[in-house]
Amino acid sequence: MTKQYGMLIVDRDICTGCRSCEVACSLAHEGCFWPEKSRVRVYKIEADGLDSPVVCRQCDDAPCMAACPTETLLRDPGTGAVLVGDDCVSCGACADACPYGTVRLDGEREKPLLCDLCGGEPACVQRCVVHALKYRNGAGQVVTAPVQAITLPREKLK
Amino acid sequence: MVVIRGGYTGKILKVDLTDGRIEKEELGSEVQSYLGGRGLNIRKLFSLVDRDTDPLSPENPLLFSAGPLAGTLFPGGARFNVSAKSPHTGILGDANAGGFFGPELKFAGYDQLIISGRSEQPVYLLINDARVEIRPADHLWGRDVWETNKALQEELGDNRMQVACIGPAAENGVTFAGIFANLVRTAARTGMGTVMGAKNLKAVVVRGRGCINIHDRERFQKLLAQIDEKIYNHSDYQNRAMMGTTKLISALNKFGCLATRHFLAGDFADADAVSGEQLAATLKVKSKACFACTIPCSRFFRIPSGPYAGLASEGPEFEGLAGFSSRVGCNDLGFALQGVDDCNRLGMDVITASECISFVMECYEKGLLSRDELDGLEPRWGDQQVVRELLRKITFREGIGDLLARGVRHAARELGRGTEKLAMHIKGLEVFQADPRGLKGYALGFALASRGGDHLRSEPSFEFSNNPEEGMRRYGAEESAFRLEYKGKGRLVKHYEEWSALSDCLSACKNTIVNMEIIDFEEGAALLESLSGVAFTGEGVQQACERVLNLERAFIVREGIRRSDDTLPERFLKEPLPGEHPSKGSVVELEAMLDDYYKARGWDLSTGIPTRETLSRLGLDDVTRDLLAAGIPVVQ
């Protein structure tokens, strides 16, 4: 049996499209407000009200790892997230291999942007007040933002 | 020399559409005196135009600013401010919108964008980080806001491109055309879209891939944690997430202050049918939010059946929802949403548009306008087809639409026959959908607003608090805490004007900062320091806001505004509010409140002009000199 990894759970039907997750991710990883460098990306079609946060799926078979020529992508033993090691040559093979397009590589000397699940406390989840983003850890516990904004009256009746 | 280490990008982009010149400038010490956003805009605008500048000429600049909180993790740090001399009112033009455009401008590396001149041909401006291009837009001219947005994102192959564009109303010179970002996020008031149209500028498109730095991340995150706590524990948090400003339909109706049939009444019998509660319970699909906001007060809705089946959009705000329901006497929620959608696509301000239409309806009812003068239309209360036809006619300036295309002040002047008394504007700008007779502080704020009849310059919601002790503490009068009382309202409005300016200067949401009282001047200063590394104090920040208010006042004084212009439409001063509700029989007694306000501000009581002493205290001696040179009496 494969090990149970932590993963981000997305409910795009309730995503507000605010991109707080992108800003929080960039703050956690880059130390500034930099959505372009976020590991989470919200794809939007505004006219149809579609907002899709696209996140790393933490695939069991991790095609990104398999594609890495320097074998520098390794699993975090705690969360199972794929981490980028020191031998990365910025070749882009991981980004090409990702079936979900969640690995991005900006510029030739950049390292790939891979979600590391913030070591088990994803910053993006903490700011998602509608719980469109949740985190299920390796033990199966689901973590959400500290508040839930109730956005539809029918939810209140639940 | 001020060194900016974060929050701000530190750069101003200047584009001249006449000769195509593109320049970049450093931002400096003005951040301490004017903070950013609206403040930075008025500082520039004051010196770039004068009394003789024609708002539709190439000499009128169009300024976009995104302040220091835009693009940060501050909830609601999503806004941008647009300023120019207004073609609608002839005085200060200034409008503000949320969404994603403001932050994107910052990520592209700019705090402010100054557009001057006029292009010969239709163009759009593409800001792709440091690369800035003026591109042809002949293929976009004539297209509506939604079509333009779609065409540009497709053409540029990137729907993270943030588009701020105009619709046909602006192209045709309707003086109350807005600038639309994210389809529905509108810098709506005072005709900023019209100025853009006069420059032959169809859109500003921005894509920013850069970062906004933080000087002291630890301090910022600590402050943010306190802010989050306040927001999440706020008594109105869930209500706002559910309904946003649309909650005001039933809230104001309960007080008898919902603009109904052009302010002929303050209570709308069918309010429940068009309320925010009804919208949330029926047509709302999910909540929507501006950039990085944790109070998702907007919504996406879809109409499944009926005459407007298929209509789907983000929005609306209270202003549009009430504008196309109670104000025009219509009880159909679907129609109200359709009316707002028409304005969004055609590119018009919903407040002014709904005033124009309800004005015509009252004039028709009173026999002041005939069917012949209305191109055969019979605008009766609630007539949906007539409303839509009037919106179309205004946009394309056909017949009666041409008369209305410059707003109700102009229309009433042209018509005469007593219609002037029915034109619900202040300084040429139409008032929104709350009846000020039952809201004395709001009434004073309307009368004074530097861009004309407007609620967003002050919104003194404290007068709903019914908390006399706090009223005494804050404004020296227990009465200030009660909406029907007068005492203390001068100080109340002064404080809320500065608070609102704080929000507009930082480019963060007024619902968050002011209505929910999430940050004050001290906390604003702390946030600014943590982001920028520049020294700010609470007192200094409040004074910067006061400076902005005084400079805006000096701007409109230079255009001829005096105390006598700080007034309300006659109906609010003389006709007791009819109906059976808690505001029944109210009128507004303005003069004593004005005296209190001018005293609190340090303005001359007889003229409403800031005194020399006040301007000097705020470091605005250059403004005094400018006014004196224009022959304006600035007294000691």
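Residues numbered from 1 in each chain as written. Chains lettered and ligands numbered in written order. Predicted model: local features only at pLDDT ≥ 70, side-chain atom pairs only at ≥ 80, totals over all residues. Heavy atoms only, no water.

1. Brief notes about the interface of chain B and chain A
Selection rule: The contact criterion used is simple: two residues touch if any of their non-hydrogen atoms lie within 4.5 Å. Buried area counts how much accessible surface, traced with a 1.4 Å probe, disappears from two parts once they are put together, with both parts' losses summed. The salt bridge definition used is simple: a Lys or Arg side-chain nitrogen within 4 Å of an Asp or Glu carboxyl oxygen. Pairs of N or O atoms within 3.5 Å make up the polar contacts considered here, provided that, within protein, one atom can donate a hydrogen while the other can accept it, and that residues adjacent in sequence are counted only when both atoms are side-chain atoms. Secondary structure is summarised from DSSP: a helix means a run of H or I of at least four residues, a strand means a run of E of at least two, and numbering begins at the N terminus for each. Only Asp, Glu, Lys and Arg are considered charged, only Ala, Val, Leu, Ile, Met, Phe, Trp, Tyr, Cys and Pro nonpolar, and every remaining residue, Gly among them, polar.
Facing the 50 residues of chain B at the interface are 42 residues of chain A. Taken together, both faces of the contact between chain B and chain A bury some 3700 Å²; the carbon and sulfur share is 55%. Of all residues in chain B, B:Leu73, B:Arg160 and B:Lys286 bury the most surface against chain A, accounting for 19% of the area lost on that side. Notably, a salt bridge pairs B:Arg160 with A:Glu22, separated by 2.9 Å at the nearest N-O pair. Applying the counting rule to chain B against chain A returns 18 residue pairs in polar contact (both at pLDDT 80 or more). Going through the elements one at a time, α3 (101–107), α4 (145–156), α7 (217–232), α8 (237–243), α10 (276–282), β13 (284–288) and β14 (298–302) of chain B are the ones with two or more residues in the side of chain B that touches chain A. Element by element, the count of residues in the side of chain B that touches chain A is highest for α7(B), at 6 residues. Class assignment for the residues of the side of chain B that touches chain A results in 27 nonpolar, 13 polar and 10 charged.

2. Considerations on the sheet that holds β14(B)
Adjacent strands of a sheet form backbone hydrogen bonds with each other and so pair up, either parallel or antiparallel. Residues and elements named next belong to chain B. Stated formally: At least two bridges found by DSSP between two strands is the condition for calling them paired. Comment: axis = line fitted to C-alpha atoms, over the contacting stretch for helices; angle = value between 0 and 180 degrees taken between N-to-C directions.
Within the open sheet, the 3 strands sit side by side as β13-β14-β15. Their pairing is antiparallel. The open sheet has two edge strands with one neighbour each: β13 and β15 (312–314). Sheet twist, expressed as the mean angle between neighbouring strand axes with direction ignored, is 15°. For β14 and β15, the ladder comprises 3 bridges, and the chain directions are antiparallel.

3. Section: the confidence of the model for chain A
Filter applied, for reference: Values of pLDDT, which run from 0 to 100, indicate the predictor's confidence residue by residue.
Taken over all residues, the pLDDT of chain A has a mean of 93, while the share at 70 or more is 94%. Taken element by element, the predicted model of chain A shows its lowest mean pLDDT in helix α5 (residues 153–156) of chain A (68) and its highest in helix α4 (residues 123–126) of chain A (98).

4. Topic: the packing of helix α22 (residues 538–558) of chain B against helix α26 (residues 621–629) of chain B
Residue and element names in this part refer to chain B. What counts is decided by this rule: Every angle not falling under 35 degrees, over 145, or within 65 to 115 is termed oblique; those three ranges are roughly parallel, roughly antiparallel and roughly perpendicular.
Where α22 meets α26, the axes come as close as 11 Å, and the angle between the chain directions of the two elements is 10°. Judged by the inter-axis angle, α22 sits roughly parallel to α26. Contacts between α22 and α26 pair Leu-551, Ala-554 and Arg-558 from the former with Val-623, Asp-626 and Leu-627 from the latter. For the contact of α22 with α26, the residue count by class is 4 nonpolar, no polar and 2 charged.

5. A closer look at the packing of helix α21 (residues 521–532) of chain B against α22(B)
All names here are of chain B. At a closest axis distance of 7 Å, the pairing of α21 and α22 adopts a crossing angle of 105°. Considered as vectors, α21 and α22 are oriented roughly perpendicular to each other. On α22, the residues touching Phe-521, Glu-522, Ala-525 and Leu-528 of α21 are Gly-538, Glu-539, Val-541, Gln-542 and Cys-545. When its residues are assigned to classes, the contact of α21 with α22 shows 5 nonpolar, 2 polar and 2 charged.

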